[in-house]
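What follows is the residue order along each chain.
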Amino acid sequence: MSLDVINFLEDATTVATGFDPANAAKFWTIAIIAIAMAIVGTMEALAVVFTLNGTARNPEAASKMRTTMLIGVALVETVAIYLLIVAMLLLFAA
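Residues numbered from 1 in each chain as written. Predicted model: local features only at pLDDT ≥ 70, side-chain atom pairs only at ≥ 80, totals over all residues. Heavy atoms only, no water.

### Remarks on the overall build of the chain
For the chain, the count of helices and strands is 3 helices and 0 strands. Beginning at the N terminus, the succession of helices and strands in the chain can be written as α-α-α. Within the chain, the proportion of its 94 residues that are buried is 18%. In the chain, of all internal contacts separated by at least 6 residues, the share reaching a separation of at least 24 is 55%. Summed over its atoms, the accessible surface of the chain is roughly 6,800 Å², and 74% of this surface lies on carbon and sulfur atoms. (Helix = DSSP H or I, 4+ residues; strand = E, 2+ residues; numbered from the N terminus. Buried < 20%, exposed > 50% of the residue type's maximum accessible area, 1.4 Å probe, protein only. Contact = heavy atoms within 4.5 Å. Areas by Shrake-Rupley, 256 points an atom, 1.4 Å probe, with all protein chains shown as cover.)

Here it is, written out as structure tokens:
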């Protein structure tokens with residue numbers, strides 16, 4: 001991690017520098033975004049697992065299931081990309 005990020009996290013979490021609501025809000029927003037990104041990853045993994053399970057039960061429908069899964073995972077991944085953009089804007093915006 002860069003020194004700016006480490007200093008930001010120290011400033012947001014220490015009481016010695018005084019309470020700064022803007023830094024605390026940024027810190028908690030980024031923490032919530034990190035949790036949301038973990039949920040997105042879990043949901044993508046579940047989509048793959050259920051598609052593999054369906055393919056094992058009905059191999060003839062594998063191509064239809066694969067196409068539907070790829071579209072679904074791509075749509076879910078856009079949420080993670082938007083979350084990453086918001087997190088970067090919060091961390092590095094002036």
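### Quick look at the confidence of the model for the chain
With 79% of its residues at a pLDDT of at least 70, the chain reaches an overall mean of 83. Across the chain, the element-wise mean pLDDT spans from 66 in helix H1 (residues 3–13) up to 89 in helix H3 (residues 62–92). (pLDDT = per-residue confidence, 0-100.)

### Description of the nonpolar core
In terms of nonpolar packing, the biggest core is built from 5 residues, these being Ile33, Val40, Ala80, Leu83 and Ala87. Going through the elements one at a time, helix H2 (21–57) and H3 are the ones with two or more residues in this core. In terms of residue count, H3 provides more of this core than any other element does, 3 residues in total. Apart from residues no more than four positions distant in its own chain, Ala80 is found in contact with Met37 and Val40. (Core = buried A, V, L, I, M, F, W, Y, C linked by side-chain atoms within 4.5 Å.)

### Remarks on the side chain of Glu44
Mapped onto the elements of the fold, Glu44 is located in helix H2. Look at Glu44: it is buried, it has no salt bridge, and the nearest opposite charge is Arg66 at 17 Å. Excluding residues within four positions of it along the chain, Glu44 makes contact with Val73, Val76 and Glu77. (Lys, Arg positive; Asp, Glu negative; His and termini not counted. Salt bridge = Lys/Arg side-chain N within 4 Å of Asp/Glu carboxyl O.)

### Regarding the packing of aromatic side chains
The tally for this structure, following the rule as stated, stands at 1 aromatic pair. Between Phe27 and Trp28, the ring centres sit 5.4 Å apart and the planes meet at 80°, which makes this aromatic pair edge-to-face. You can call Phe27 partly exposed: its relative accessible area is 23%. Taking the relative accessible area as the measure of exposure, Trp28 reaches 55% and is therefore exposed. (Phe/Tyr/Trp six-rings, centres within 6.5 Å; stacked < 30°, edge-to-face > 60°.)

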